[in-house]
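Coordinates in review
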Amino acid sequence: MFQDTDKEALLQAFTEGAFVSANLTSPTAEACDAVADMPGLSKIEFKPVTVRKRALVQLSYQQKARNVHRNVEHQEACKVLCELLLSAFNKGVVHTRTADLLLRRKGTDILVNIVPLRKSTAPIAAEEALHNRVKHRILPEGKPVDFLIRLGVMTTDGKVVAAKYDKYRQINRFLEMVDDVWPALQTIATANSDRPLRIIDFGSGKSYLTFALHHFLKHIRGANVRVTGLDIKQDVIEDCSRIAADLACEDLDFQVGDIAGFQAETADMVVSLHACDTATDDALQKAVGWQAAVILAVPCCQHELYKQLHNSVNQPLLKHGVLKERATALLTDAIRAEWLEISGYKVQVMEFIETAHTPKNLLIRAVRTSDTRPKSDKPLREFCDFWGAQPHLLNK
Ligand SMILES: C[S@@+](CC[C@H](N)C(=O)[O-])C[C@H]1O[C@@H](n2cnc3c(N)ncnc32)[C@H](O)[C@@H]1O
């Protein structure tokens, strides 16, 4: 059950203009089969979309091997979210311009915790406007770019579509991070002028960032590239292949497959952005195996250590689910960063996007060094033993 005041708050949150995004996670045991006959359903995302000039909300039902989408009016989206939370999911969140609504099921009740964002809408808008004027973006607004238009981020006259503004900022931020490592890629390109730079994006999904990477390296830096996006979902790969063909990107291809089983002779740069749980580790292992010059990874939903950690001294941290979740995510990334250093990389862990809307914003950036002296993994193993962690990365 929802309290009336919470229902009202949710309806407000879903109003056009206020609504930013939402999701439902942690499905109940019955959910997978109960919701529209979707076995393996793990999450539902709600995002604003514009369809024939109508502002709607897109529901994306995420299953293991495919996503199913449907677009509905804002109020209908709110109704669906409430019904599904009552029947099939344990957790949810609704992001608005001014607050996050954290939703949790407790027995038959739904608890709604409203967390105001630090800044109100007006200063955000003003700050953004100022930022836009003074900040030079790699893909500036007003300058139409083919792939952004085809992906619905820009209009043909180069205006950023309001519902895609966060995506536009994310793409630019990502390209800034790629630009920082361009000197390392340039060195490889110069030393291997007879072949293209080989770039693999693991878990490419809808591939906004894959297209951005391809565009940046090829058209802005003028590099000879061969980019592959890999994803386990056939439908997204078919969509992306169609878009690449429409844009005549002959040196960009998309393949269906599991990261762990992917074979390639070599790779100069490996990207893995928001690939789920240990898929990030599979990507890192592949990259290190190829001795890729550059690795960019933004990890996502780290569940592996959550089940493993046992350490009585750390009970004050581990006994609270939310603290344990954050602690295990940080530990997982610390282990990954350390493992990359031992494997011969200079590693930085940095914030990917400054958005208040996702905690999944750490980027691990690794650039291969010329120091080939072997490094002991003993201190890292001791660190793992201390926490009772047996990470996938060290066990393979
Ligand atoms: C959250 S999406 C991220 C998409 C894109 N990289 C981005 O950041 O916008 C994660 C993608 O990783 C894919 N994925 C997860 N595990 C995978 C695996 N083991 N092999 C290949 N793809 C995987 C999922 O199918 C999904 O499309």
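Treat the numbers as computed from the prediction; the structure is a model and nothing was measured.

1. Quick word on the domain arrangement of the chain
Per the domain assignment, the segments making up the chain are domain 1 (4-121) and domain 2 (136-395). Look at where the C-alpha atoms of domain 1 and domain 2 centre, and you get two points 27 Å apart. Listed by partner, the interface residues are 17 residues for domain 1 and 12 residues for domain 2. Between domain 1 and domain 2, the buried area comes to about 1000 Å², and carbon and sulfur atoms account for 45% of it. Taken together, domain 1 and domain 2 are joined by 1 salt bridge. Across the salt bridge formed by Lys91 and Glu325, the nearest N and O atoms sit 3.5 Å from each other. If you look at where domain 1 meets domain 2, you find 3 residue pairs in polar contact (both at pLDDT 80 or more). The set of elements that each furnish at least two residues to the side of domain 1 that touches domain 2 consists of β2 (43-51), β4 (67-72) and β5 (89-96).

2. A closer look at unusual backbone geometry
The backbone of Ser207 sits at a positive phi, close to 70°, despite the residue not being glycine. Position of Ser207 relative to the elements: it lies in the loop between β8 (197-202) and α7 (208-220). Unlike most non-glycine residues, Ala248 shows phi in positive territory, near 55°. Note that Ala248 resides in the loop between α8 (234-246) and β10 (252-256).

3. Re empty space enclosed by the protein
With the rule as written, the count across this model stands at 1 cavity of 30 Å³ or more. Considered as a void within the structure, the largest cavity measures approximately 40 Å³ in volume. Considering the residues around the largest cavity, the lining is formed by Asp281, Glu304, Leu305, Thr332, Ile335, Arg336, Pro391 and Leu393. Those elements that place two or more of their residues in the lining of the largest cavity are α10 (304-308) and α12 (321-342).

Definitions and limits used
Residues numbered from 1 in each chain as written. Predicted model: local features only at pLDDT ≥ 70, side-chain atom pairs only at ≥ 80, totals over all residues. Heavy atoms only, no water. Domains from an automatic or database assignment. Contact = heavy atoms within 4.5 Å. Buried area = accessible area lost by both parts, 1.4 Å probe. Salt bridge = Lys/Arg side-chain N within 4 Å of Asp/Glu carboxyl O. Polar contact = N/O pair within 3.5 Å; in protein donor to acceptor, adjacent residues only side chain to side chain. Helix = DSSP H or I, 4+ residues; strand = E, 2+ residues; numbered from the N terminus. 1 Å grid on protein atoms, 1.4 Å probe; cavity = no way out; pocket = protein on both sides within 12 Å on 5 of 7 lines; lining within 4 Å. Points joined across faces, edges and corners; volume = space filled by probe spheres on them.

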